[in-house]
Amino acid sequence: MTKISPEFEVEMPTEEVLQVSVDVSFASNHFPKYKLGADNQILEEPKEDNHGPSLKEVVEQETVTLSEQHKRLSVRDLASKFDKNLSAAAKLSDEAKLREVASLEGHVLLKKLRDALESLRGRLAGRNKEDVEKAISMVEALAVKLTQKEGELIQEKFEVKKLASYLKQASEDAKKLVNQEKSFACAEIESARAVVQRIGEALEEQEQNSQASKKQDVEELIEEVQEARRIKLLHQPSKVIDMEYELRALRAQIWEKSVFSVKLKKELAIRKRDEENKFRLYILEGSENLGSYLQLKPCSEKAPQLPNCSIQWYRLSSEGSWKEVISGANKSIYAPEPFDVGRILQAEIVSNGQKLTVTTSGPIDPAAGLGSYVETLLRKSNTEFNVVISQMNGQDHASHSVHVFHVGKMRIKLSRGWITKARENYSSSMQLCGGRGDINNSAKALFWQARKGLSYVLTFESERDRNAAVMLARKYAFDCNVMLAGPDDQV
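The following paragraphs examine the structure supplied in this document. Please read all numbers here as calculations on a predicted model, not as lab measurements.

## Quick word on the packing of aromatic side chains
All told, the structure shown has five aromatic pairs when counted by the stated rule. On the numbers, 6.0 Å between centres and 85° between planes, the contact of Phe405 with Phe460 is edge-to-face. Of the two residues, Phe405 is situated in strand β12 (residues 402-408) and Phe460 in strand β17 (residues 454-460); the sequence distance between them amounts to 55 residues. Taking relative accessible area as the criterion, Phe460 reaches 4% and is therefore assigned buried. Geometry around Tyr314 places Lys323 over its ring, the cationic atom sitting 4.1 Å from the centre. The cationic tip of Arg474 hangs over the ring face of Phe339; the distance from NZ or CZ to the ring centre is 3.8 Å.

This is the structure we're talking about:
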């Protein structure tokens, strides 16, 4: 570049240069160094990196490391990492602001420098004017370079803001997660302390009870030993053996007399019943236990025919304090059901305004082995019984095909193969009891009202299956807060 002559230096307005230096705050104390490349392109000289990697590279490296190790880090370490990255992003944002200020200062400086060179170009001529024009072109190129740098700075600033917002949100989520885990841990610790305290109290109480029981057992053992010593001192061994023989003989005699007494009582009861039957018109035939049936029979020629009489069965308490009508039991045959066990049954016969009653000799006895059979079935979640539909909605059922009656813990289902006839959950509208009325094989029959408007009379293969199905269904229904009974039964 050609050196400017002294006369032009005198004519240059130095005050304008001073005004530029006052308005601008420089980020550094020297002007940046450039060199000229091909086609007069300004190339920035590479700066020596004496301070290691930039802050952005450090943040990116930390972010990559954090994403690789997030599975192994605890929640607290994750929160601390997010806090560090957030502070680094804040520093990077501050650095971007400083660069933006420096860029603005550079634009102002270049504009004023270009204006100064334009004023010089108008005053110079010849080679000096060419040098000034070359300087102006360099300043314009520098302005373009600065504009490009500013665009890159804006993009970098946008990325930094995006990264900072992401890290801030992640830090807040990590803190929330830390607080939540901390509260859960505190709750679990308190619960564990309470459990340990209860276990300790239970162990102390158990230890105290065991000590008290041991002490009591020792005292009882001492008393027994003392009593045995007293008996041994009072009696000789031969006398004790003789007393044992006498006791065995007395027990045998008492047993024989008790058996003979039971036989006499049975004979007296039979004779008393025979004497009473002489004056009765009707008697009950059949075994008075669950699994059989009772039938009214006339025992006198004066007795009216049963088809011409009105019959109603009743259920009485064993003491006879209350009386309950058995709805639907109005025929000469009635089969006891599980509700009748332990109760007395009575049949009331009305003919021509005359009322006669026939009562069982005692409470209905349970069926042998039925309790253990039901206990075995209760271990299953669902029990199936083979049945035949005798009646449906009060009408005789023509088909006698075999169906399956499912008794479950939540519902009852009647099906044939894959076809479901009825399936209902236990509810207050459901009714289930033994067969009543004019039904064949009443001891094997069961009445089931699945819902209002749909009822069946089912015949089982055996009396035990029918009674077991009734007991199972009532047990499962009771677990569902439902009482299964017959029509108008008081439960």
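## Thoughts on the packing of helix α7 (residues 370-378) against helix α8 (residues 463-479)
Between α7 and α8, the shortest axis-to-axis distance is 10 Å and the interhelical angle comes to 55°. On the basis of their axis angle, the class for α7 and α8 is oblique. The chirality of how α7 crosses α8 is right-handed. Contacts between α7 and α8 pair Leu370, Tyr373, Val374, Leu377 and Leu378 from the former with Arg464, Asp465, Asn467, Ala468, Met471, Leu472, Lys475 and Tyr476 from the latter. When grouped by side-chain class, the residues that make up the contact of α7 with α8 number nine nonpolar, one polar and three charged.

## Some thoughts on the pairing of strand β4 (residues 294-298)
Where strand β3 (residues 282-285) meets β4, four bridges bridge the pair, whose relative direction is antiparallel. Within β4, the residue paired with Ile283 across the bridge is Lys297. Pairing analysis gives two bridges linking β4 to strand β7 (residues 333-334), with the strands arranged antiparallel. Directly across from Leu294, in β7, lies its bridge partner Tyr334.

## Remarks on the sheet that holds β3
One open sheet holds the three strands; their spatial order is β3-β4-β7, and the pairing between them is antiparallel. Among the strands making up the open sheet, the edge pair consists of β3 and β7.

## Notes on unusual backbone geometry
With a phi angle near 55°, Asn393 is a residue other than glycine that sits in the positive phi range. Inspection of the secondary structure assignment puts Asn393 in the loop between β10 (382-392) and β11 (395-396). Relative accessible area serves as the criterion here: at 37%, Asn393 is assigned to the partly exposed category. Of note, Asn481 is a non-glycine position whose phi angle comes to about 65°, a positive value.

## Quick notes on α7
For α7, the complete set of buried residues consists of Leu370, Tyr373, Val374 and Leu377. Take α7 and look down its axis: the buried residues cluster within an arc of 95°, on one side only. Residues of α7 that are buried in the fold lie against β10 and α8.

## Observations concerning the sheet that holds strand β9 (residues 354-359)
In space, the four strands of this open sheet follow the order β6-β5-β8-β9, with antiparallel pairing throughout. Edge positions in the open sheet fall to β6 (323-325) and β9, since each of these has one partner strand only. The mean angle between the axes of side-by-side strands here comes to 30°, regardless of whether they run parallel or antiparallel. Pairing analysis gives seven bridges linking strand β5 (residues 310-316) to strand β8 (residues 344-351), with the strands arranged antiparallel. Across the sheet, residue Gln312 finds its bridge partner in β8, namely Glu348.

## Thoughts on the environment of Ser351
Locating Ser351 in the fold gives a position in strand β8. Residue classification places Ser351 among the buried positions, given a relative accessible area of 10%. Residues contacting Ser351, with those up to four places away along its chain left out, are Pro304 and Cys309.

## Examining a nonpolar patch on the surface
A cluster of nonpolar side chains, contributed by Val195, Ile199 and Leu203, occupies part of the molecular surface with about 250 Å² of accessible area. In this fold, Ile199 is placed in helix α5 (residues 127-234).

## Things to note about α8
Since there are 3.6 residues in each turn of an α-helix, residues three or four apart along the chain are aligned in direction. With 17 residues, α8 ought to run about 24 Å at 1.5 Å a step, and its terminal C-alpha atoms sit 25 Å apart, in line with that. Of the residues making up α8, those classed as buried are Asp465, Arg466, Asn467, Ala468, Ala469, Val470, Leu472, Ala473, Arg474, Tyr476 and Ala477. Asn481 sits one or two residues past α8 and shows a positive phi near 65°.

## A word on the pattern of salt bridges
Counted by the stated rule, this structure contains ten salt bridges. The salt bridge involving Glu324 is made with Arg315; its shortest N-O contact spans 3.3 Å. Here Glu324 and Arg315 have matching classes, each one buried. Residue Arg436 pairs with Asp489 through a salt bridge whose shortest N-O separation is 2.9 Å. Taken together, the positions of Arg436 in the loop between β15 (431-434) and β16 (445-451) and Asp489 in the segment after α8 put the pair 53 residues apart, joining distant regions of the chain. Three or more residues joined by partner-sharing salt bridges are found here, namely Glu337, Arg436, Arg474 and Asp489.

## Focus on the environment of Thr383
Within the fold, Thr383 resides in strand β10. In this structure, the C-alpha to C-alpha distance between Thr383 and Ala473, residues 90 residues apart in sequence, is 9.9 Å.

## Regarding a negative patch on the surface
A contiguous patch of negative charge, built from Asp217, Glu219, Glu220, Glu223 and Glu224, is present on the exposed surface. Mapped onto the elements of the fold, Asp217 is located in helix α5. Look at Asp217 and you get partly exposed, because its relative accessible area is 47%.

Rules behind the numbers
- Residues numbered from 1 in each chain as written.
- Predicted model: local features only at pLDDT ≥ 70, side-chain atom pairs only at ≥ 80, totals over all residues.
- Heavy atoms only, no water.
- Phe/Tyr/Trp six-rings, centres within 6.5 Å; stacked < 30°, edge-to-face > 60°.
- Helix = DSSP H or I, 4+ residues; strand = E, 2+ residues; numbered from the N terminus.
- Buried < 20%, exposed > 50% of the residue type's maximum accessible area, 1.4 Å probe, protein only.
- Lys NZ or Arg CZ within 6 Å of the ring centre and 35° of its normal.
- Axes fitted to C-alpha atoms, helices over the stretch in contact; angles between N-to-C directions.
- Parallel < 35°, antiparallel > 145°, perpendicular 65-115°, else oblique.
- Left-handed = near helix turned anticlockwise from the far one by under 90°.
- Contact = heavy atoms within 4.5 Å.
- Nonpolar A, V, L, I, M, F, W, Y, C, P; charged D, E, K, R; others polar.
- Pairing = 2+ DSSP bridges.
- Arc of directions from axis to C-beta.
- Patch = residues over 30% accessible without salt bridge, like charges linked within 9 Å, V, L, I, M, F, W, Y side chains within 5 Å.
- Areas by Shrake-Rupley, 256 points an atom, 1.4 Å probe, with all protein chains shown as cover.
- Salt bridge = Lys/Arg side-chain N within 4 Å of Asp/Glu carboxyl O.
- Expected span 1.5 Å × (residues − 1).
- Lys, Arg positive; Asp, Glu negative; His and termini not counted.
- Charge placed at Lys NZ, Arg CZ, Asp CG, Glu CD.

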